[in-house]
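These are the residues of each chain, in order.
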Amino acid sequence: TGRDPQHACVCVTKGIMTLLQEYELKGVHAHELAHVQNRDTLIMTVTAAIAGAIMMLADMARWGAMFGGSRDDRRDSGNVIALIVLSILAPLAAIIIQLAISRSREYGADARGAFIAHSKLGLISALQKLETAGPRYQLNANPQTAHLFIVNPFRGSFIANLFSTHPPIKDRVEKLKALTI
């Protein structure tokens, strides 16, 4: 967390320290330090604020369309329907853009983290280990805290993966393996 490298903090849980070996922990830590260097917390905060503003405007438009009306409702009925459709699609588009940015920041942190650690092997091993270990542990996660995990704490359904803040481990590992360090 932190808006810039001078105001940042990286925390490690007892659980991950128990689960990972030193070289894997180094890879994970380097990944998180890459988020700090890349100012990802600031970027995602601004992205979330913009997405929230779009959702609020869409909500206002939806309520305005439902209760605002006009002097001649028959003449403007097409505009009301278009406004309602837009008020539903705009927040969905904002969420999809936010998730796409979040996923791209994860790939960037993986690559930068491998550079910081001078090795991609620790992060690759850690990601694979965390993927297999995740179902064995009770992760205390909810959708609001999912971005705080290095791997997606919600696995399973297509919808859960579609709206995940993290790309699939398999894709992350493939991209890391393709890196030349």
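Quick summary incoming for the structure in this document. (Residues numbered from 1 in each chain as written. Predicted model: local features only at pLDDT ≥ 70, side-chain atom pairs only at ≥ 80, totals over all residues. Heavy atoms only, no water.)

1. Details of the pattern of salt bridges
- Across all of its chains, the model carries four salt bridges by this definition.
- We note a salt bridge from R105 to D40, for which the minimum N-O separation is 2.5 Å. Remark: D40 occurs in helix α3 (residues 40-67) and R105 occurs in helix α4 (residues 77-117); sequence separation between them is 65 residues.
- The buried category is assigned to D40, whose relative accessible area is 4%.
- Where E106 meets R172, a salt bridge forms, and the shortest distance between an N and an O atom there is 3.5 Å. Placement of E106 in helix α4 and of R172 in helix α7 (residues 169-178) is noted, with a sequence separation of 66 residues between them. Just as E106 is buried, R172 falls in that class too. (Salt bridge = Lys/Arg side-chain N within 4 Å of Asp/Glu carboxyl O. Helix = DSSP H or I, 4+ residues; strand = E, 2+ residues; numbered from the N terminus. Buried < 20%, exposed > 50% of the residue type's maximum accessible area, 1.4 Å probe, protein only.)

2. Things to note about unusual backbone geometry
- The phi dihedral of R39 falls on the positive side, at around 55°, and the residue is not glycine.
- If you trace the backbone, R39 turns up in the loop between α2 (22-37) and α3.
- The backbone of H118 shows a phi angle near 65°, a positive value even though the residue is not glycine.
- Inspection of the secondary structure assignment puts H118 in the loop between α4 and α5 (121-133).

3. A look at α3
- Helix length check: α3, at 28 residues, gives a terminal C-alpha distance of 40 Å against a target of 40 Å (1.5 Å per residue), a fit within 8%.
- For α3, the full list of buried residues reads D40, M44, T47, A51, A58 and A65. (Expected span 1.5 Å × (residues − 1).)

4. So, the side chain of T47
- Along the chain, the position of T47 falls in helix α3.
- On the basis of relative accessible area, T47 is assigned to the buried category, the value being 12%.
- Setting aside residues up to four positions removed in sequence, T47 forms contacts with Q98 and I101. (Contact = heavy atoms within 4.5 Å.)

5. Overview of the packing of aromatic side chains
- Applying the stated rule across the entire model yields zero aromatic pairs.
- The ring of Y107 is capped by K175, whose NZ or CZ atom sits 4.6 Å from the centre of that ring. (Phe/Tyr/Trp six-rings, centres within 6.5 Å; stacked < 30°, edge-to-face > 60°. Lys NZ or Arg CZ within 6 Å of the ring centre and 35° of its normal.)

6. Description of a nonpolar patch on the surface
- The grouping of I81, V85, I88, L89, L92 and I96 at the surface amounts to a nonpolar patch, some 550 Å² of accessible area in total.
- Inspection of the secondary structure puts I81 in helix α4. (Patch = residues over 30% accessible without salt bridge, like charges linked within 9 Å, V, L, I, M, F, W, Y side chains within 5 Å. Areas by Shrake-Rupley, 256 points an atom, 1.4 Å probe, with all protein chains shown as cover.)

7. Considering α5
- Taking 1.5 Å of rise per residue, the 13 residues of α5 would be expected to cover 18 Å, and the 18 Å separating its terminal C-alpha atoms lies within 8% of that figure.
- For α5, the set of buried residues is G122, L123, I124, S125, A126, L127, L130 and A133.

8. Points about the nonpolar core
- Core analysis: the biggest nonpolar cluster contains 14 residues, and I16, L20, V28, L127 and L176 have the highest contact counts within it.
- Looking at this core, the elements with two or more residues in it are α2, α5 and α7.
- Those residues in contact with L20 that lie beyond four places of it in its chain are L25, V28, A126 and K129. (Core = buried A, V, L, I, M, F, W, Y, C linked by side-chain atoms within 4.5 Å.)

9. A word on the state of the cysteines
- In total, this model carries zero disulfides according to the counting rule given.
- A disulfide-free cysteine, C9 has its sulfur positioned 3.6 Å from the sulfur of C11, the nearest such atom.
- Taking relative accessible area as the criterion, C9 reaches 40% and is therefore assigned partly exposed. (Disulfide = S-S within 2.5 Å.)

10. A few points about the packing of α2 against α5
- For the pair α2 and α5, the least separation of the axes is 7 Å and the interaxial angle reads 95°. Put simply, α2 runs roughly perpendicular to α5. Counted together, Y23, E24, G27, V28 and H31 of α2 and L121, G122, L123, S125, A126 and K129 of α5 form the full contact between these two elements.
- Across the contact of α2 with α5, the residue classes break down as five nonpolar, four polar and two charged. (Axes fitted to C-alpha atoms, helices over the stretch in contact; angles between N-to-C directions. Parallel < 35°, antiparallel > 145°, perpendicular 65-115°, else oblique. Nonpolar A, V, L, I, M, F, W, Y, C, P; charged D, E, K, R; others polar.)

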